[in-house]
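# What the coordinates show
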Amino acid sequence: MVGRYVSVVITGRKEYLTLCGVEVYGVLPPQLELQLPNLALQGTATQSSQYPNLGLPSYPLNTQRNGNYFEKYCSSTNGDKNPWWRLDLGQSQPIGSVVVVNRADCCPQRLRGAEVLIGDDEDNNNPVCGTITDLSAGSVTTLYCKGMVGRYVSVVITGRREYLTLCGVEVYGVLPPQLPSPSVSWNLALEGTASQSSQYPYLGLPSYPLNTNRNGNYYEKYCSSTNGDMNPWWRVDLGQSQPIRSIVVVNRADCCPERLRGAEVRVGDSKNNNNPVCGTITDLSAGSITTLYCKGMVGRYVSVVITGRREFLTLCGVEVYGVVSTQLPNLALEGTASQSSLYPYLGQPSYPLNSDRNGNDLKKYCSATNGDMNPWWKVDLGQSQPIGTVVVVHAAADCCPERLRDAEVRVGDNENNDNPVCGTITDLSRGSITTLCCKGMVGRYVSVVITGRREYLTLCGVEVYGCLPPQQPNLALEGTASQSSQYPDLGLPSYPLNNNRNGNYYEKYCSATNGDMNPWWRLDLGQSQSIGSVVVVNRADCCPERLRGAEVRIGDNKNNNNPVCGTITDLSAGSVTVLCCKGMVGRYVSVVIKGRKEYLTLCGVEVYSVLPSQQPSVCCL
């Protein structure tokens, strides 16, 4: 949603309105748009008419953002009734944002009320992404289209006779749904098993939509079909619970597309389709392709359900894309495991630290406690870091998968397991694999805890994946560092700008201030950009406690009065703290100690962006 003002309002009653925190995050900072390809550059433009001199429809297809008509950057129609300009992208695809550049040398008011439409109708009868409201000369308007899907992007002025002039149109997609790791099936649905509420007598098998052809012809065996059931449903079992990024549904093209009216796409672990709704089908055009973004909803089952009426449910394609990247290292493999007690026979706490996901050999793969009150299992990762996903494997053999009922997975820096909950295990089927999306929760310890009852805690696999793609460039290496003062011997502010993570001050890896009141260290990145994570390395040879309460701040204020990404809490010698900043935008990254006189020493600062092409997991956002 686009706006200058964000408000919280209580209507209809007299009330005290108290807010203890408001954070606002954007969806695609302008500096990231250019990291995505401009789809418009490959498109073909047309318009309702051609102004006699210059003004070709292809002229706005550039990235100059130059509003001068006479330099051949602008299109123009005649003074048409309801003029339009249209871009054909060649194929239907989800659109994240559209940028429109207004004319700078004359007449910017002509764009008043111009609507940007996106869809598959070649005659511009498509849904509206947004309306141009900034009529200043040379204005650049960015409209956020939230993944609207279409082949055509058009700019239309309705209700009056007007010259339609555009001096730039850029079209950017969204994070591609094929982000799952190559080690995971490209389209997760292809590995699933489909079923439906009934079987239409002729063709229409539930497995038919499990394809990537997006062909809406029922008679070519691409479409499923139920009978005219009351509350019909179709479901794919993915085999294990996992976070879902997006789901694509293809409607029938040769007949009856209106049957999908109001069909809900649900994701969850209930086999009976009683799961949360990712989205609803609203595009009922023949052969329409609807992409729904599920934002990491977790589940084993993806179902399409029509409720409240008797209907034939026909689907000609269902694609499911996940967000887990197993290309990231399994952090648990380097950790040290412990548990509340040891069952007398086998059940060592280290046994689940494997990547085999094999619950059939209790002698090798599964831990087990005694029947403890509030039993727990914990892995110490060695350092605090952001966690994207945690995978828990249940026992497939022997017995008792129900013992994991309501087991909580917790992430944090408290060694006694008193940490925030990432999620709860709800799938109690034998051999099931639960994937919990922790959204960048930060901690050194990942624990599985059963509270409130006496129980045997058995785990046959625990995998922990972070959020930090190792191939991402360290932005700090290109920045310029400064600090509040300079310690007389060594300690230059530039010394932490390295990738060595060496905490030895005397080897010139560490900065140091004097004992200042409110000391600070600041990195100038040269331009404002979106920050995914910041890594801070503490001193190893002396005095790591000096970083107590140091805040990492990000923003465009050169005086460090910027929002806080996070606070340093790990004060062990040489500790490496990774703070997940969730796309905070700023030119300056600073480390500040407030409220006391202190020496501020940093032995490494790394800054990583959230470039879409490198994001491993939506769970981190």
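Residues numbered from 1 in each chain as written. Predicted model: local features only at pLDDT ≥ 70, side-chain atom pairs only at ≥ 80, totals over all residues. Heavy atoms only, no water.

### Points about the overall build of the protein chain
Helix and strand counts for the protein chain come out as one helix and 38 strands. Looking at the 621 residues of the protein chain, the share that counts as buried comes to 56%. Accessible surface, the protein chain as shown: approximately 27000 Å² in total, 47% of it carbon and sulfur. (Helix = DSSP H or I, 4+ residues; strand = E, 2+ residues; numbered from the N terminus. Buried < 20%, exposed > 50% of the residue type's maximum accessible area, 1.4 Å probe, protein only. Areas by Shrake-Rupley, 256 points an atom, 1.4 Å probe, with all protein chains shown as cover.)

### Observations concerning the pattern of salt bridges
Once the charged atoms of two side chains with opposite charge are near each other, the side chains can pair. Under the definition given, this model contains 18 salt bridges. Here R444 makes a salt bridge to D380, at a shortest N to O gap of 2.8 Å. With R444 in strand 25 (residues 433–449) and D380 in strand 22 (residues 376–393), the pair connects residues that are 64 residues apart, well separated along the chain. On the accessibility criterion, R444 (23% relative accessible area) is partly exposed. Take D380: its relative accessible area is 19%, and that puts it in the buried class. Between E551 and R553 there is a salt bridge, with its nearest N and O atoms 2.6 Å apart. (Salt bridge = Lys/Arg side-chain N within 4 Å of Asp/Glu carboxyl O.)

### Notes on the confidence of the model for the protein chain
Averaged over the protein chain, the pLDDT score is 85; the fraction of residues at 70 or greater is 88%. With pLDDT under 50 throughout, residues 28–35 is counted as low confidence; its partners more than four residues away or in other chains account for 24 contacts. Counting contacts from residues 611–621, a segment whose pLDDT is below 50, to residues more than four positions away or on other chains yields 37 contacts. (pLDDT = per-residue confidence, 0-100. Contact = heavy atoms within 4.5 Å.)

### Re the state of the cysteines
Scanning the entire structure with this criterion turns up eight disulfides. Bridging C366 to C460, the disulfide has an S-S length of 2.0 Å. Taking the sign of the S-S torsion, 105 degrees for the link of C366 and C460, the bridge is right-handed. Separated by 94 residues along the polypeptide, C366 in the loop between strand 19 (336–339) and strand 20 (367–368) and C460 in the loop between strand 27 (458–459) and strand 28 (461–466) bring together distant segments of the chain. Here C542 engages in a disulfide with C543; their sulfurs sit 1.8 Å apart. (Disulfide = S-S within 2.5 Å.)

### Let's talk about the side chain of N251
When you line up the elements, N251 lands in the loop between strand 13 (233–250) and strand 14 (264–268). A distance of 3.0 Å separates a polar side-chain atom of N251 from the backbone oxygen of P257. Excluding residues within four positions of it along the chain, N251 makes contact with G216, P257, L260, D283, L284, S285, G287, S288 and C316. (Polar contact = N/O pair within 3.5 Å; in protein donor to acceptor, adjacent residues only side chain to side chain.)

### Observations regarding the environment of A137
You can see A137 is positioned in the loop between strand 6 (128–131) and strand 7 (140–156). A sequence separation of 28 residues divides A137 from Q109, and the C-alpha atoms of the two residues are 8.2 Å apart. Those residues in contact with A137 that lie beyond four places of it in its chain are R103, A104 and P108.

### Description of the environment of N227
Its place among the elements puts N227 in strand 12 (residues 224–230). Overall, the relative accessible area of 26% leaves N227 in the partly exposed class. Distance from N227 to E311, taken between C-alpha atoms, is 7.5 Å for residues 84 residues apart in sequence. For N227, the contacting residues outside a window of four places in its chain are S198, Q199, Y200, P201, E311, F312 and L313. Of note is the side chain of N227, whose polar atom sits 3.3 Å from the backbone oxygen of Q199.

### Observations regarding a nonpolar patch on the surface
On the surface, a nonpolar cluster with roughly 620 Å² of combined accessible area is contributed by V6, V8, I10, L17, L19, V22 and V24. If you trace the backbone, V22 turns up in the segment before helix 1 (30–33). (Patch = residues over 30% accessible without salt bridge, like charges linked within 9 Å, V, L, I, M, F, W, Y side chains within 5 Å.)

### Things to note about the pairing of strand 28
With respect to burial, strand 28 is a largely interior element, six of its six residues being buried. Side chains G461, E463 and Y465 of strand 28 all project onto a buried face; the interleaved residues V462, V464 and G466 project onto the opposite face, where all are buried too. Across six bridges, the pairing between strand 22 and strand 28 is antiparallel. Bridge pairing links V390 to V464 in strand 28. (Pairing = 2+ DSSP bridges.)

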